[in-house]
Amino acid sequence: MRKLKHLAACVSMFAVLGAGHAGMAAAQDSRNATVQDGIAVRPLSRLTKYVPAETINEAAAQQYTQMMSQAQQRGVLLPPSHPEVQRLRAIAKRIIPHASRWNKDASQWQWQVNVIDSKDVNAFCMPGGRIGFFTGILTSLKLTDDEVAAVMGHEISHALREHSREKMAKQTVTNGLARLGGFAASAIFGVDPSFSDMLASYGAQLYGLKFSRDDEREADLVGLDIAARAGYDPRAGVVLWRKMAALNKRAPIELLSTHPGGESRIADMNAHMNLLLPVYARAKGTTVARLPAYQTNVALR
Ligand SMILES: [Zn+2]
């Protein structure tokens, strides 16, 4: 808001000082070009009215609880005192306050972050803000905090932008509203990407929720925006995908089978850095020009 007022003041200054000046229109144009604050999105799908948020969030909560208690029984749920759990929860704590920008209900969500010891290179955020990371993605990609924030932002964005809910609403409309109850209860939500054998072994009745390419693109960009607002470098998103491509060359990873098109996604993220970097610079109290180059912890070609 302060920024808008500041801009309005600038424009009226131009009007006073530069009335009749040929450069005025150009000056206003270039200023208007900087008005957009981060990534712009279309309104949330109206189709989602067919699937009440409470229905989907409660069912997701149930499945999340079931999954985590089974992980605990198997001895693979990391305890709250584990350094990785503490690290991820600290990152989530910085990101979550920015979530309601994308979905006003998010301030009421019962956010949770847990880590399961498994070699899966994977993470998810179910509707209602229930986040899960597998240690595989942390260790095999050696994720820095900025890169964890890029993954977390991506997964949270699927939930905030209600991609699962929209997909289910479309199915519900197609299949008839009568089936909604059983359908919603049997689905596993927002697990991203669709399910590895390991997830299937958790006994959930799985419903293949593979997000569309548009949803993935939106999750990439909104995810980096929300991470940038929390003070995490959006350039980490590009490095994250480079790391995944490098790992995939050595051993194909599940995540890439449901998140294809690494090169075009990197290009898309880079094409939006002009919007993302100002958000990050502002969060860091500096300017884009003064930002140091992004540095990761491994050598990438
Ligand atoms: Zn995704």
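Quick notes on the rules
- Residues numbered from 1 in each chain as written.
- Predicted model: local features only at pLDDT ≥ 70, side-chain atom pairs only at ≥ 80, totals over all residues.
- Heavy atoms only, no water.
- Core = buried A, V, L, I, M, F, W, Y, C linked by side-chain atoms within 4.5 Å.
- Buried < 20%, exposed > 50% of the residue type's maximum accessible area, 1.4 Å probe, protein only.
- Contact = heavy atoms within 4.5 Å.
- 1 Å grid on protein atoms, 1.4 Å probe; cavity = no way out; pocket = protein on both sides within 12 Å on 5 of 7 lines; lining within 4 Å.
- Points joined across faces, edges and corners; volume = space filled by probe spheres on them.
- Nonpolar A, V, L, I, M, F, W, Y, C, P; charged D, E, K, R; others polar.
- Helix = DSSP H or I, 4+ residues; strand = E, 2+ residues; numbered from the N terminus.
- Phe/Tyr/Trp six-rings, centres within 6.5 Å; stacked < 30°, edge-to-face > 60°.
- Lys NZ or Arg CZ within 6 Å of the ring centre and 35° of its normal.
- pLDDT = per-residue confidence, 0-100.
- Expected span 1.5 Å × (residues − 1).

As for the nonpolar core
In this structure, I95, W111, F133, I137, M152 and L160 are the most contacted members of the largest nonpolar core, which totals 57 residues. Sequence-distant contacts of I137, that is, excluding residues within four places in its chain, are made with D120, V121, N122, L143, V151 and L255. Formed by nine residues, the second largest nonpolar core is a distinct cluster that contains A60, M67, M68 and I116.

Describing empty space enclosed by the protein
If you walk through the whole model with that rule in mind, you get three cavities of 30 Å³ or more. Computed from the structure, the largest cavity encloses a volume of approximately 120 Å³. Split into classes, the residues belonging to the lining of the largest cavity amount to nine nonpolar, three polar and two charged. In this structure, the second largest cavity occupies an estimated 80 Å³ of space. Taken together, A53, I56, N57, D105, W109, P127, H158, A159, E162, H163, S164 and R165 form the lining of the second largest cavity. Within the residue set of the lining of the second largest cavity, elements represented by two or more residues are α3 (53-73), α6 (145-160) and α7 (163-175). Its residues assigned to classes, the lining of the second largest cavity shows five nonpolar, four polar and three charged.

Describing the packing of aromatic side chains
The tally for this structure, following the rule as stated, stands at three aromatic pairs. Aromatic pair F124 and F134: ring centres 6.2 Å apart, planes at 50°, arrangement tilted. Here F124, found in strand β2 (residues 123-126), pairs with F134, found in strand β3 (residues 130-134); they are ten residues apart in sequence, far enough to count as distant. Assigned by exposure class, F124 and F134 land together as buried. Among the aromatic residues, those joined into a ring-pair cluster are Y64, F124 and F134. The ring centre of Y232 lies 4.0 Å from the NZ or CZ of R94, which sits over that ring.

Considering the confidence of the model for the chain
Chain-level statistics for the chain give a pLDDT mean of 78 and a share of 73% at 70 or above. By mean pLDDT, the top-scoring element of the chain is helix α4 (residues 83-95) (98), and the lowest-scoring one is helix α1 (residues 2-18) (36). Here residues 1-32 is a poorly scored stretch, pLDDT under 50, and it has 13 contacts once near neighbours within four places are set aside; other chains count. For residues 177-208, every residue scores under 50 in pLDDT, and the model assigns this stretch 90 contacts once sequence neighbours within four places are set aside.

Regarding α3
In a regular helix each residue adds 1.5 Å, so 21 residues correspond to 30 Å; α3 covers 30 Å between its end C-alpha atoms and thus fits that length. Buried within α3 we find A53, I56, N57, A59, A60, A61, Q63, Y64, M67, M68, Q70 and A71. Downstream of α3 by one or two residues, G75 has phi in the positive range, about 75°.

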